[in-house]
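Now for the letters of each chain:
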Amino acid sequence: MSRNLTGDASRDVAVVLEGEVSDRVLRENDAFVAALNAVPAWALQPRHRRDTSALVSDLAHTVRRTAWTAPQGFDRVRIWPIGFVSGDHPIIPRDDERRVLVLAPFVRQTRLAELIRDRDAAVVSNRGTLDDLPAALLAGRDVRHPDAFGPDLHAKLYVFESKPRRRWVIGSANATPAAVGRNAELVVELEGGPSAMGIDDLLDEDRGIGATLVSHEPNRDAAPSDPTPTDAELAMQALAACRFDARVSNSAPGRHRVEIFVADPPRIDSATLSASFAGSSAAPLDLAVQPSVVFDGVKRRQLLPFLSIIVEAGEEPPRERLVSLTLDGVDVRRLADDLVADTLSDPSSGGPLEYVRQVLLGQTPAVPALSFDDRADVAAAEPVRD
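Residues numbered from 1 in each chain as written. Predicted model: local features only at pLDDT ≥ 70, side-chain atom pairs only at ≥ 80, totals over all residues. Heavy atoms only, no water.

Q: How should I be thinking about the side chain of Glu 185 in this particular structure?
A: Within the secondary structure layout, Glu 185 lies in strand 9 (residues 185-192). Lys 156 is the oppositely charged side chain nearest to the buried, salt-bridge-free Glu 185, at an N-O distance of 7.0 Å. Polar side-chain contacts of Glu 185 include one of 3.2 Å to the side chain of Asn 183. Contact partners of Glu 185, with chain neighbours within four places excluded, come to Trp 80, Pro 81, Ile 82, Phe 84, Ser 172, Ala 173 and Ala 179. (Helix = DSSP H or I, 4+ residues; strand = E, 2+ residues; numbered from the N terminus. Buried < 20%, exposed > 50% of the residue type's maximum accessible area, 1.4 Å probe, protein only. Lys, Arg positive; Asp, Glu negative; His and termini not counted. Salt bridge = Lys/Arg side-chain N within 4 Å of Asp/Glu carboxyl O. Polar contact = N/O pair within 3.5 Å; in protein donor to acceptor, adjacent residues only side chain to side chain. Contact = heavy atoms within 4.5 Å.)

Q: What exactly am I supposed to notice about the packing of helix 1 (residues 30-38) against helix 2 (residues 46-64) here?
A: When two helices pack together, their arrangement is captured by the angle between the axes and the distance separating the axes. Put simply, helix 1 and helix 2 touch, their axes get as near as 9 Å, and they point 175° apart. When the axis of helix 1 is compared with that of helix 2, the two are roughly antiparallel. For the pair formed by helix 1 and helix 2, the contact residues are Asp 30, Phe 32, Val 33, Leu 36 and Asn 37 on the first element and Val 56, Ser 57, Leu 59, Ala 60, Val 63 and Arg 64 on the second. Split into classes, the residues belonging to the contact of helix 1 with helix 2 amount to seven nonpolar, two polar and two charged. (Axes fitted to C-alpha atoms, helices over the stretch in contact; angles between N-to-C directions. Parallel < 35°, antiparallel > 145°, perpendicular 65-115°, else oblique. Nonpolar A, V, L, I, M, F, W, Y, C, P; charged D, E, K, R; others polar.)

Q: Help me understand the pattern of salt bridges, please; the structure alone is not making it clear to me.
A: A pair can form between side chains of opposite charge whenever their charged atoms are brought close. Overall, the coordinates contain 24 salt bridges when judged by the stated rule. With a shortest N-O distance of 2.8 Å, Asp 147 and Arg 11 are connected by a salt bridge. Note that Asp 147 is positioned in the loop between strand 6 (142-146) and strand 7 (157-161) and Arg 11 in the segment before strand 1 (18-21), a separation of 136 residues in sequence. Here the two residues Asp 147 and Arg 11 agree in accessibility, since each one is buried. The partner of Arg 94 in a salt bridge is Glu 189, with the nearest N and O atoms 3.6 Å apart. One end of the pair, Arg 94, is in the loop between strand 3 (74-82) and strand 4 (99-103); the other, Glu 189, is in strand 9, with 95 residues separating them in the sequence.

Function cannot be read off these values alone, since they describe shape.
Laid out in C-alpha cells, this is it:
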C-alpha cells in the first residue's frame, strides 16, 4: 500500500484484500468508488482520460458491490480515500483508544502531538526524522528506528488499541499535516477484537519486526516547534495541487499560440507568479483570469508538456517549479515523431547513420529527465542517459 513505483530498497508494508462481489450495492464503499471515478481526470493527455474512463468505471462498478474479507483476527474492513472527496479519515485515536503506535518515515511535531497526546505511545521512524523532533515530545515513549543493517523505513502504519478493540490503518499517509489536510492518500482500516494482532505483536522480536529496530535516544537540541512555512513555500504547495492545461492553436506558418489554463486555481496573494514555456522569457502568471498566461510564436518542436513557474515572495530567493501540462490540440505521438525526424535531418547531428551509431554504442546525448524530491516538495531537472 505504501510502495512507490521505484526500484529503491526500503522497509515497507502492504495489505492484500480479498472480497466477494454480490448484486447488492454496499454504501461503505461509496467514498472509494468516488475516488476511483475521479482518477481519470488527473490524466495529462485527453486521450488517456478517454482510454481509461471505461476501465475505471467498470472497476468502480465492481468495487461498489464488493464485500471485503477481513484478515484473521479482524472483523471489519474499510478502504478510505483521503483528500479525494471529503476530509474524513480514520487516522486519529478515538476517546477509548489509550494506546497508539505511529510508524512512518516522515513525522511532524504538530501531527504527532495530535496522535499521541495523553496516551501510551510507540513511535517508529527513521533516525534522521526522530532527531528533528523535540525530546520533550518523545519523553517516556517507546521510540525506535531501523537498525543499521538494512534500508530506511518507508512503511506507513498506525495501530490504535482500546481494551476491547484493536484498529490498524495501513496506507500511503505519513504522520504529517499534509497527509490528512492537503494530499490525496489511500489507506485501509482493519478493526477487530482482542484476538487481532496488536502493538506488542508487531514490536515483538520473534513474531514481529522488533529484531530489526533499535531504541532511539531523543535529540536534546531539536527545535521546539515545526518551522513555519514561508510565503513562497505556501505558494509552491498551493500550486502543487493545481492542474495546468495548454490550448494550442496556429498563429502563423510554423508558429503556435499557447494559452495556459489552471483548473480550480487557488488564491495566492503573498507571492508573485510568472511562467516560462519552451525556454521563453518569463511572463506574469495571473491565476485570477483564464487563460492565466499566453505564449505566442512558439515553434512546433518547442511544444513540450511542461511549464516552468517562478515564485517570488518578499526578500526570499525566487523558487522555480516545473509542472506537467495537458497539450490540447496537439498529437503528442506525432510531435515526438516530428522531433526525431528533425534530429535525423539536421546536418549538424551527423545524419541518420551517426544517430544509429550512437544508439548502438550507447552514446546517445544526455537528455533532461525530471526527478522529484519528496522532502523539499520541489521538482528539479538532471541529465540522464536512456
